[in-house]
Amino acid sequence: MKKVFFMFVAINFAIITEISANEWSDNTNIALDISSKVDYDYNVDKTSVTFFTGIDLIKVFSNNKGDWGTLLLQPYDKRTYVRSELVDSQMTYRNVNFNYTGLLQHKLNFRFGHFEIPYGLEHNINTNGTLLDYSHKQNLGLKADWGLSANGIISSFEYEFAVMQGSGNNWRMDEETHVYSGRLGGNANNFNLGLSVFLADLWVPEPLTSTQTILSRSRYAVDFVWETYWINILAEFSVGEDNDEDVHNELVEFDWLSNEEELLIYLQLSQFSADDVITKRSRGSRIAIGARFEPSQSWQWDIQYLTGTSHMPQQDDLKLLTIQLRYRFNL
Amino acid sequence: MRANKNISSMVFSLGIAFSMAPQSVAGKPFCSLRDPTQQIFEAFPNATNYKSIVHNIDNETKKELLGQLDFTIHSKEIGRHTVFFALKNDIPLGLIHVRTEAGIWGLTEIVWALDMNLNIIDFNFQRCRGSSCKSILNNNFKAQLKGKSLDGVLGLLNSNNQELYNSSADETSVGKESLSKAILRSAVKTMIITDKIWHEDIAKLNLNNTPEM
């Protein structure tokens, strides 16, 4: 896999270096994206504040025969404070990838870099920078990863199949970990149906020690989005295994949108297999109710109340109120 | 008491974070953008590829357009927008411009296929809710729009043709007007905006190539 990956990087680097300065300036969107998220945990009476500052860049490459590639760069600086004390600081890469689209009328494209794992609802619904979460980090172990994929659109079907490192945000070439994941989706009459598969070997912390161990994880999922009259119904159901332990997850969400879609109100219900080997809890559940208000193209307000089982070992159930304010502007 | 203090600190933190933010126009996170690939190749089956050209529709443009139109432009229509030019090798066949109209069930996304002289080739929905969405694509309304220029669409819009408007009489759109009227309004907006903002791109593509169907 290492050789294939490096070959892809080399080919695409060679293509990009051939691009003239004029081509760089055309069809380039770049925005500064800043947000402040405040979490209040009722159980421990604790407030944490997280600041995100990032660049959001998309560049479509074209020549006289049409588009042949898309570059997407979204590096973000994330800082979390508790009582004015910095407790976490890291650079995150939501998306840093190039998609080569110059073949076969966009039926077969090749993406490489850091991108979201093609799986489930998240593949079509961008939750980055919002409070919505389809639990991929908890369910799969990671939301995005470094790797390469084949993707495309054929008639009303779309697909993406990826081979990835299994390292998440950090670049780490490791023969012991990998992710193979893919989603096939179809769309008709405001109904989008998807089938996903996720097969991985991942590093996970060994309980009660600081060492790590390999976890073999599989998931097979079906998801759908049905947009009907005044409501959207979204669902994702999956089965699989963590090592040899059966796992199944269910998520259903109801969305209401205003006329111009500046206001979204949602209710999300989920049940999941808690992979907590310490407490041996077999099932967990969560309810999230929230709203997003976008009074203009630049501003976004989010509020959410989340209650239910914590994914963290030996923690009380969650009661979390989150408010987020976000501002984006083109540079 | 402690909770109140924490909530106060939440509000304070949010205020500090955004007090310095400049006023400008932005859009959705770019990763949420998806090309209407399916619609492009359905409208132009002979196309071998398409070329995206992005331009900004800002508040100044909005004001200018409102001077020409007697209907509103909603907030989602402002910002960076892409027109997709369908190509057969390097010859332009036409263009795809997706515009949105506010409806009682949320936004209706209409995919307009225009030729290089900005006459209507076809339209379809990327997203539309309500019972009339399907029927309007199959009745006489769609046939009446094909080949129409801006003047032709304005003629239909101002004709007060009840038969035309009754073709989608379930009042899907805001203001309880028929969907067909909203579509006509969208066509007018699309043609004017495309002509104003993408005029040079169209001229350049037309200059280099002879359009064909």
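Residues numbered from 1 in each chain as written. Chains lettered and ligands numbered in written order. Predicted model: local features only at pLDDT ≥ 70, side-chain atom pairs only at ≥ 80, totals over all residues. Heavy atoms only, no water.

Asker: Describe the overall build of chain A, listing the residues and the values that go with them.
Answerer: Helix and strand content of chain A: three helices and 16 strands. When contacts within chain A are restricted to residue pairs at least 6 apart in sequence, long-range pairs at least 24 apart make up 51% of them. Surface exposure of chain A reaches about 15200 Å², of which carbon and sulfur atoms provide 60%. (Helix = DSSP H or I, 4+ residues; strand = E, 2+ residues; numbered from the N terminus. Contact = heavy atoms within 4.5 Å. Areas by Shrake-Rupley, 256 points an atom, 1.4 Å probe, with all protein chains shown as cover.)

Asker: Could you give an account of the overall build of chain B, naming the residues involved and the relevant values?
Answerer: In terms of helices and strands, chain B carries nine helices and five strands. For chain B, the N- to C-terminal ordering of α and β elements is α-α-β-α-β-β-β-β-α-α-α-α-α-α. Expressed as a percentage of its 213 residues, the buried residues of chain B come to 52%. Long-range pairs, those at least 24 residues apart, make up 64% of the contacts in chain B with a sequence separation of at least 6. (Buried < 20%, exposed > 50% of the residue type's maximum accessible area, 1.4 Å probe, protein only.)

Asker: Kindly report on the packing of helix 6 (residues 150-157) of chain B against helix 8 (residues 179-197) of chain B, identifying the contributing residues and their values.
Answerer: Residue and element names in this part refer to chain B. Their axes nearest at 10 Å, the elements helix 6 and helix 8 cross at an angle of 150 degrees. Comparing their axes, helix 8 and helix 6 come out roughly antiparallel. You can see that helix 6 and helix 8 cross each other, and the crossing is left-handed. Of the residues in helix 8, those touching helix 6 at Leu150, Val153, Leu154, Leu156 and Leu157 are Lys181, Leu184, Arg185, Ala187, Val188, Met191 and Ile192. (Axes fitted to C-alpha atoms, helices over the stretch in contact; angles between N-to-C directions. Parallel < 35°, antiparallel > 145°, perpendicular 65-115°, else oblique. Left-handed = near helix turned anticlockwise from the far one by under 90°.)

Asker: Describe the sheet that holds strand 1 (residues 49-57) of chain B, naming the residues involved and giving the relevant values.
Answerer: All names here are of chain B. Reading across from one edge, 1-2-3-4-5 is the order of the five strands in this open sheet, with antiparallel pairing throughout. Looking at the sheet topology across the chains shown, the edges are occupied by strand 1 and strand 5 (120-127). Neighbour-to-neighbour, the strand axes of this sheet turn through a mean angle of 25 degrees, independent of strand direction. Pairing of strand 1 with strand 2 (residues 79-88) involves nine bridges; the strand directions are antiparallel. Looking at strand 2, one finds that asparagine 49 is bridged to leucine 87. Against the sheet, helix 8 touches strand 1, strand 3 (91-103), strand 4 (106-114) and strand 5, its axis set at about 130 degrees to strand 3. (Pairing = 2+ DSSP bridges.)

Asker: Kindly report on the packing of aromatic side chains, identifying the contributing residues and their values.
Answerer: For the structure shown, the criterion picks out 18 aromatic pairs over all chains. The interplanar angle of 40 degrees and the centroid separation of 5.3 Å between the aromatic rings of Trp112(B) and Phe123(B) together place this pair among those described as tilted. Within this pair, whereas Trp112(B) is found in strand 4, its partner Phe123(B) is found in strand 5, the two being separated by eleven residues in sequence. Taken as a pair, Trp112(B) and Phe123(B) share a single burial class, namely buried. Cluster of aromatic residues (ring-pair linked, three or more members): Phe61(A), Trp68(A), Phe98(A), Tyr100(A) and Phe112(A). If you follow Arg94(A) out to its NZ or CZ, it ends over the ring of Phe52(A), 5.3 Å from the centre. (Phe/Tyr/Trp six-rings, centres within 6.5 Å; stacked < 30°, edge-to-face > 60°. Lys NZ or Arg CZ within 6 Å of the ring centre and 35° of its normal.)

Asker: How would you summarise helix 8 of chain B if you had to cite specific residues and measurements?
Answerer: Helix length check: helix 8 of chain B (19 residues) gives 26 Å between terminal C-alpha atoms against 27 Å at 1.5 Å per residue, within 8%. With 16 of 19 residues buried, helix 8 of chain B is to be regarded as a mostly interior element. (Expected span 1.5 Å × (residues − 1).)

Asker: Would you mind going over the confidence of the model for chain A in detail, with residue names and values included?
Answerer: Per-residue confidence for chain A averages 84 on the pLDDT scale, and 87% of its residues sit at or above 70. When mean pLDDT is compared element by element in chain A, strand 7 (residues 157-164) of chain A scores highest at 94, while helix 2 (residues 21-25) of chain A scores lowest at 52. (pLDDT = per-residue confidence, 0-100.)

Asker: Pulling in residues and values, what's your account of the confidence of the model for chain B?
Answerer: Residues and elements named next belong to chain B. On average, residues of chain B score 75 in pLDDT, and 70% of them are at 70 or above. Low confidence marks residues 16-27, where pLDDT is under 50. Its contacts with residues over four positions away, or in another chain, come to 32 contacts. Here residues 168-176 is a poorly scored stretch, pLDDT under 50, and it has 28 contacts once near neighbours within four places are set aside; other chains count. Interface confidence in the predicted complex, given as ipTM, is 0.80; pTM for the same model is 0.81.

Asker: So what about the nonpolar core? Which residues, and what values?
Answerer: Buried together is how nonpolar side chains tend to be arranged in soluble globular proteins. Residue and element names in this part refer to chain B. One finds Phe85, Trp112, Phe125, Leu145, Ile183 and Trp198 to be the most contacted residues of the largest nonpolar core, which totals 37 residues. A total of nine residues in this core trace back to one element, the largest contributor, which is helix 8. Dropping the residues within four chain positions of it, tryptophan 112 is found in contact with Leu95, Ile96, His97, Arg99, Ile120, Asp122, Phe123, Leu145, Ile183, Ser186, Ala187 and Thr190. Residues Phe84, Ile96, Val111 and Ala113 belong to the second largest nonpolar core, which totals 14 residues. (Core = buried A, V, L, I, M, F, W, Y, C linked by side-chain atoms within 4.5 Å.)

Asker: Go over the pattern of salt bridges, please, and point to the residues and values.
Answerer: Residues and elements named next belong to chain A. Applying the stated criterion across every chain yields a total of 17 salt bridges over all chains. The salt bridge partner of arginine 326 is aspartate 33, with a shortest N-O separation of 2.5 Å. Placement of the pair is arginine 326 in strand 16 (residues 318-330) and aspartate 33 in strand 1 (residues 28-41), with a sequence separation of 293 residues. This pair shows no difference in class: arginine 326 is buried, exactly as aspartate 33 is. Aspartate 33 serves as the salt-bridge partner of arginine 328, at 3.2 Å between the closest nitrogen and oxygen. Taken together, the residues span a long stretch of sequence, with arginine 328 in strand 16 and aspartate 33 in strand 1 at a distance of 295 residues. On the basis of relative accessible area, aspartate 33 is assigned to the buried category, the value being 1%. (Salt bridge = Lys/Arg side-chain N within 4 Å of Asp/Glu carboxyl O.)

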